[in-house]
Number of protein chains: 4
Amino acid sequence: MPLSNADRLESEALRGAAQPTLRAVSPGAEGHLYVPHPVLDHGMVRLIDYMGDDAAIVQAARVSYGRGTKSVQDDAGLIRYLMRHWHSTPFEMCEIKLHVKLPVFVARQWIRHRTANVNEYSARYSILDREFYIPAPEHLAAQSKVNNQGRGEVLGAEEAARVLDILKGDAMRAYDHYEAMISQDGQQGLARELARMNLPANIYTQWYWKVDLHNLFHFLQLRADAHAQYEIRVYAECIARVVKDWVPAAFAAWEDYRLGGVTVSAKGVACLKRMLAGEAVTQETSGMSKGEWREFMGVWGG
Amino acid sequence: MPLSNADRLESEALRGAAQPTLRAVSPGAEGHLYVPHPVLDHGMVRLIDYMGDDAAIVQAARVSYGRGTKSVQDDAGLIRYLMRHWHSTPFEMCEIKLHVKLPVFVARQWIRHRTANVNEYSARYSILDREFYIPAPEHLAAQSKVNNQGRGEVLGAEEAARVLDILKGDAMRAYDHYEAMISQDGQQGLARELARMNLPANIYTQWYWKVDLHNLFHFLQLRADAHAQYEIRVYAECIARVVKDWVPAAFAAWEDYRLGGVTVSAKGVACLKRMLAGEAVTQETSGMSKGEWREFMGVWGG
Amino acid sequence: MPLSNADRLESEALRGAAQPTLRAVSPGAEGHLYVPHPVLDHGMVRLIDYMGDDAAIVQAARVSYGRGTKSVQDDAGLIRYLMRHWHSTPFEMCEIKLHVKLPVFVARQWIRHRTANVNEYSARYSILDREFYIPAPEHLAAQSKVNNQGRGEVLGAEEAARVLDILKGDAMRAYDHYEAMISQDGQQGLARELARMNLPANIYTQWYWKVDLHNLFHFLQLRADAHAQYEIRVYAECIARVVKDWVPAAFAAWEDYRLGGVTVSAKGVACLKRMLAGEAVTQETSGMSKGEWREFMGVWGG
Amino acid sequence: MPLSNADRLESEALRGAAQPTLRAVSPGAEGHLYVPHPVLDHGMVRLIDYMGDDAAIVQAARVSYGRGTKSVQDDAGLIRYLMRHWHSTPFEMCEIKLHVKLPVFVARQWIRHRTANVNEYSARYSILDREFYIPAPEHLAAQSKVNNQGRGEVLGAEEAARVLDILKGDAMRAYDHYEAMISQDGQQGLARELARMNLPANIYTQWYWKVDLHNLFHFLQLRADAHAQYEIRVYAECIARVVKDWVPAAFAAWEDYRLGGVTVSAKGVACLKRMLAGEAVTQETSGMSKGEWREFMGVWGG
């Protein structure tokens, strides 16, 4: 499962074998095909295939809206219009297939996005490799004091060292024991589907993941967000860079309207209008709860 | 919306523009790209894009099953194995995008398959063309006497002529009235989103339809079946020919295990075993209802 | 298919038959069960079943977030928190089943929401009733001049009268012909699955529609919106009233954060901050296109 | 997370609080509500809510098929007909919500069934309990020699003891280290979202899982099957018993047509017909591969 020399040679071989096609071709995506992008200490993202490009989004929209769309706007303008008005079906006409290597606890979050196709390495069938995610010291953070679901300050050096000792030691021991249990040397050898239960959640797995562009944007919005756990966010950021090269106009529209966009509640709209009119609004006069007001002022305050 | 000369020229232009790609290429699918395949009197199916080929199915399966799959079987054998054991995820790794022109009453059946992406021509936004499905006389059949949901004998010539007169006359009148209502010549002109309500279900619409191979096989199994309505079956059969050229090994496995396959109930299995052992089983001794026994003997009898 | 006296008696009988249950019960929803709410001229919405209530949303969230959620917030506050932070899975834990009678052209829009379960009346199997949607004169509007996908002014009396004559006449004639074609009186009788193609898109159909609360909110957001076609918006508004009684806290949160909420792009956020700081921003200095700026000022201007 | 006395008291309290409802009520399901059914050493399945019953399936089918279905068949007969002809939408009209406590490696298989709603206990947010699945000695099996994905003979006593020592020791040590890392006693305390990565896949998690009856039957067919891993099969079997009490007619039809049913390929049908006609068919004359013939004879041979 590690990206061995054999894998690298295979990647290079695949990249050498261009063939002619009549399909839509994205030059930016072609540059990524089969190239492994490293993520975390042993993970990676690799583009295996893609369908469509910016023009394919426009083409699908024109089927829906007919001749009217032809003259009015250029492609990027139409794509911005579609994104702004939540017309999501043309974005579903593009599809991407990725090969991802990732720790199991990241895979468990990731799989919650249901509208995608997945082929995961089977630990019932095959033997997992001795590869575990061990965080770099600067990513070993304390539990957040204000947010139940988040990280606070980076651990001090001594505490970080204790944590790393534990993570490394337990991972190695668990894998040694995994190997000992499945070994058929002088014993029957435990079934793989049972032995795997001893392996911790920082072991690496891998899968093929195929998703349409609309659902991928939704995934990126949640997982490239500052509130996402660092270990999945780096995958989202890596994929975002591939998407940017694949469909640059759609990506730019998504960055403006979604990633950098803000949703304001009806109460928030009313407050902002009062503020635009020169009124000094406070939490007490806002109609919002304290937590809500804090979040609101986090965006609009000072 | 009709396939005009302009459309045909566009198809030919698109077919002239091969570009190099590093992605999986299916020579059989390339031969279909952009070529409109006529269906019914004014309909068509046209391959717009595809992702993956037979080898991509195998590649995804090998990610799941690891090294064990490498030596044992050749690709076609592995694909047969996956199909036989309902391992559907590797088939989901292939995707197809079609441009389809079809009568509205066919579109209404089709859309019930939910796991697909669709961009349909919008009659809120644009004006529909004067194109209606008028069945050929040999497809004008009477209501079935044994099956509430089906056709019986072909209509006699005189009755068929009466039916065709009605269908043609009503379609033309409805379209004349549609045009008259939306006309802005000397009047305000009714909104398109309202005027469309006057158009009958045999008017043609069109859409882009994108689906993965597993769900496409499910669609084909239901809609290429002898019990499907003729007017959707011809679309399914046309698509099946495209799929056969695109992923020949997967298609052959599907034909054997699904299209030509038969599901036998537990009661049916017990009966067949008794019959194999030489017993003469009757409906009374089968444990089946009359309807069930009739269907059972339709497969296994005589 | 019409809501006959027999249907009304059935509704009343069903409403008389309360039984004890240990499940979550919503008093507001109980009041709606089986009661047909009229929509348009012959349509209706009728609550058939529901699963869960506001407390069930909280219960599911507490499974996810554990003990931490118990003390901090009351139920309505937690529901607002979930809605504000796009934590959609607890809302998926509620489900609703509706019986809806609606024109076919409305059904064609509705079915595009794929994450739902549907059982529609089959015109292959059964005979449709003579019921057509004929708009009230005040809903007969002209094509919008500024928006390809919308309505403008109401038609003048004379033009409206012409349109109504056409719609009524064509509907009756189409149904007469439908009956004539399927009649087995002195002829074979055309198969129902074929005869239905002559019926226009304003004929009524009906279905059972089952959906979870998260996806229902999404449906309501798109279809109760001012840009939705009037004929589907009245269904959305009717359903919204049922939902408000069923899960009042979730509904209030949805109204504030979604229905009345506004999404601001990154560019829009920058402009608003400049405006809050006292700067007079114009389209030219906004970085937005004209269309975008017009929409932006539609919310925030004057 | 364990089923504490507090939980049991809550279950009993909930079971004491019957209220009247006008909805469909299944007496068999009511008997299961909130009652925890133990599975494995610390797991459980608990029915939280349900929508619909056998009559609701029939009711939905009658909406689709109209008056024709009223006289012909009784409810159980109609349900059998629907199941036999793969008319799945009426079964989607029933829904079930379960509270499940299960080991993480079982949860990872389970979640692959995408058409369901899930709220899982969050180890980012909350602290997992010290509960691990430790197999009973009779379920500690060796790797299968004929099937890469399966178990063979039970381990000998000595080897089993070694395995149990490993599983227990590693689980306790991993949990001790988990507690040590998150402790805020004299140190900052590692963030929960990081500390969880040290926990092995046999730790228990829990979730609410909501699914419609059609998709539940599909889940049960795959997971109550003899080829499914024992540790997920016992959950499927437990759920199957609940479903049998909830919708007895649908369950009986599913048992006959799906669980006990057999799918025969086109090649298999041809062979069976020759065998019924008295011919002695062998692998060589069957047209099947060796593996396929072995499976075929496993069903039909001797």
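Residues numbered from 1 in each chain as written. Chains lettered and ligands numbered in written order. Predicted model: local features only at pLDDT ≥ 70, side-chain atom pairs only at ≥ 80, totals over all residues.

**Q** I would appreciate a short explanation of the relation of the copies chain A and chain B in the present structure.
**A** Related by rotation about an axis and a shift along that axis, the two copies of the chain form a pair. For the pair chain A and chain B, the superposition axis carries a translation of 0.0 Å, the fit reaches an RMSD of 0.0 Å, and the rotation angle comes to 180 degrees. The two molecules are tied by a two-fold rotation axis, judged by turn and shift. Among all residues of chain A, the minimum C-alpha distance to the rotation axis is found for A:Pro20, at 2.1 Å. When you check the interface residues of chain A against chain B, 100% turn up at the interface there too, and the contact is symmetric in its surfaces. (Least-squares fit on C-alpha atoms with pLDDT ≥ 70 in both. Contact = placed C-beta atoms within 7 Å.)

**Q** What am I meant to see in the packing of helix α9 (residues 213-223) of chain B against helix α10 (residues 230-246) of chain B here?
**A** When two helices pack together, their arrangement is captured by the angle between the axes and the distance separating the axes. Residue and element names in this part refer to chain B. Close contact between α9 and α10 brings their axes to 9 Å; oriented N to C, the two are set at 135 degrees. What the angle tells us is that α9 and α10 run oblique. The hand of the α9/α10 crossing is left-handed. Facing α9, whose interface residues are Leu216, Leu220 and Arg223, α10 presents Ile232, Arg233, Ala236, Ile239, Ala240 and Val243. Grouping the constituent residues of the contact of α9 with α10 by class yields seven nonpolar, no polar and two charged. (Axes fitted to C-alpha atoms, helices over the stretch in contact; angles between N-to-C directions. Helix = DSSP H or I, 4+ residues; strand = E, 2+ residues; numbered from the N terminus. Parallel < 35°, antiparallel > 145°, perpendicular 65-115°, else oblique. Left-handed = near helix turned anticlockwise from the far one by under 90°. Nonpolar A, V, L, I, M, F, W, Y, C, P; charged D, E, K, R; others polar.)

**Q** Would you mind going over helix α14 (residues 290-300) of chain A with me for this structure?
**A** Since one α-helical turn is 3.6 residues long, residues separated by three or four positions face the same way. The set of residues buried in α14(A) consists of A:Glu292, A:Trp293 and A:Phe296. Buried positions in α14(A), seen along its axis, are confined to an arc of 95 degrees and lie on one side of it. Those residues of α14(A) that are exposed and angled more than 90 degrees off the buried face are A:Lys290 and A:Gly298. Taken together, the buried residues of α14(A) touch α12 (266-276) and α13 (283-286) of chain A together with α5 (75-84) of chain C. (Buried ≥ 20, exposed ≤ 12 C-beta atoms within 10 Å, placed from the backbone. Arc of directions from axis to C-beta.)

**Q** Just to check I follow, could you spell out the pairing of strand β3 (residues 43-51) of chain A for this structure?
**A** Looking along a regular strand, one sees side chains alternate from face to face of the sheet. Residues and elements named next belong to chain A. Most of β3 is tucked away: nine of the nine residues are buried. Relative to β3, strand β2 (residues 37-39) is paired through three bridges, and the arrangement is antiparallel. Among the inter-strand pairings, histidine 37 is bridged to a residue of β3, identified as valine 45. As consecutive antiparallel partners, β2 and β3 are separated by three residues, and within that stretch leucine 40 has a phi angle of approximately 55 degrees, a positive value. The pairing of β3 with strand β4 (residues 95-103) spans seven bridges and is classified as antiparallel. Residue pairing for β4: tyrosine 50 is matched across the bridge by isoleucine 96. (Pairing = 2+ DSSP bridges.)

**Q** Just to check I follow, could you spell out the interface of chain D and chain C for this structure?
**A** At the interface, 43 residues of chain D touch 43 residues of chain C. Of all elements in the fold, only α1 (5-15), β1 (19-21), β3 (43-51), α3 (54-65), β4 (95-103), β5 (117-120) and β8 (204-212) of chain D reach the threshold of two or more residues within the side of chain D that touches chain C. Counting residues per element, the side of chain D that touches chain C draws most heavily on β8(D), at five residues. Of the residues contributing to the side of chain D that touches chain C, the split by class is 20 nonpolar, twelve polar and eleven charged. Examined bridge by bridge, strand β1 (residues 19-21) of chain C and β1(D) share three bridges and lie antiparallel to one another. Across the sheet, the residue bridging to C:Thr21 is D:Gln19, located in β1(D).

**Q** Explanation requested: the domain arrangement of chain A in the structure shown.
**A** Often, the extent of an interface is quoted as the loss of accessible area upon association of its parts. Entries for chain A in the domain assignment read domain 1 (5-133 + 202-259), domain 2 (136-200) and domain 3 (266-300). Centre-to-centre separation of domain 2 of chain A and domain 3 of chain A, based on C-alpha positions: 45 Å. (Domains from an automatic or database assignment.)

**Q** Just to check I follow, could you spell out the interface of chain A and chain B for this structure?
**A** Taken together, the contact between chain A and chain B spans 43 residues of the former and 43 residues of the latter. Those elements giving two or more residues to the side of chain A that touches chain B turn out to be α1 (5-15), β1 (19-21), β3, α3 (54-65), β4, β5 (117-120) and β8 (204-212) of chain A. The element contributing the most residues to the side of chain A that touches chain B is β8(A), with five residues. A per-class count over the side of chain A that touches chain B returns 20 nonpolar, twelve polar and eleven charged.

**Q** Sorry if this is basic, but what is going on with the relation of the copies chain D and chain C here?
**A** In screw terms, the move from chain D to chain C is a rotation of 180 degrees and a rise of 0.0 Å along the axis, fitting with an RMSD of 0.0 Å. Most of the interface of chain D is mirrored in chain C: 100% of its interface residues are interface residues there too.

**Q** What should I look at first to understand the sheet that holds β5(D) in this one?
**A** The strands making up a sheet are joined through hydrogen bonds of the backbone, oriented either antiparallel or parallel. Residue and element names in this part refer to chain D. Reading across the sheet, the five strands line up as β2-β3-β4-β8-β5 and stay open at both edges, with antiparallel pairing between neighbours. In the strand order of this sheet, the two ends are held by β2 (37-39) and β5, each with one partner. Ignoring strand direction, the axes of neighbouring strands in this sheet form an average angle of 25 degrees. Direction of pairing for β4 relative to β8: antiparallel, over a ladder of nine bridges. Bridged to histidine 99 within β8 is tyrosine 208. Helix α10 (residues 230-246) rests against β2, β3 and β4 of the sheet, and its axis sits at about 35 degrees to β3.

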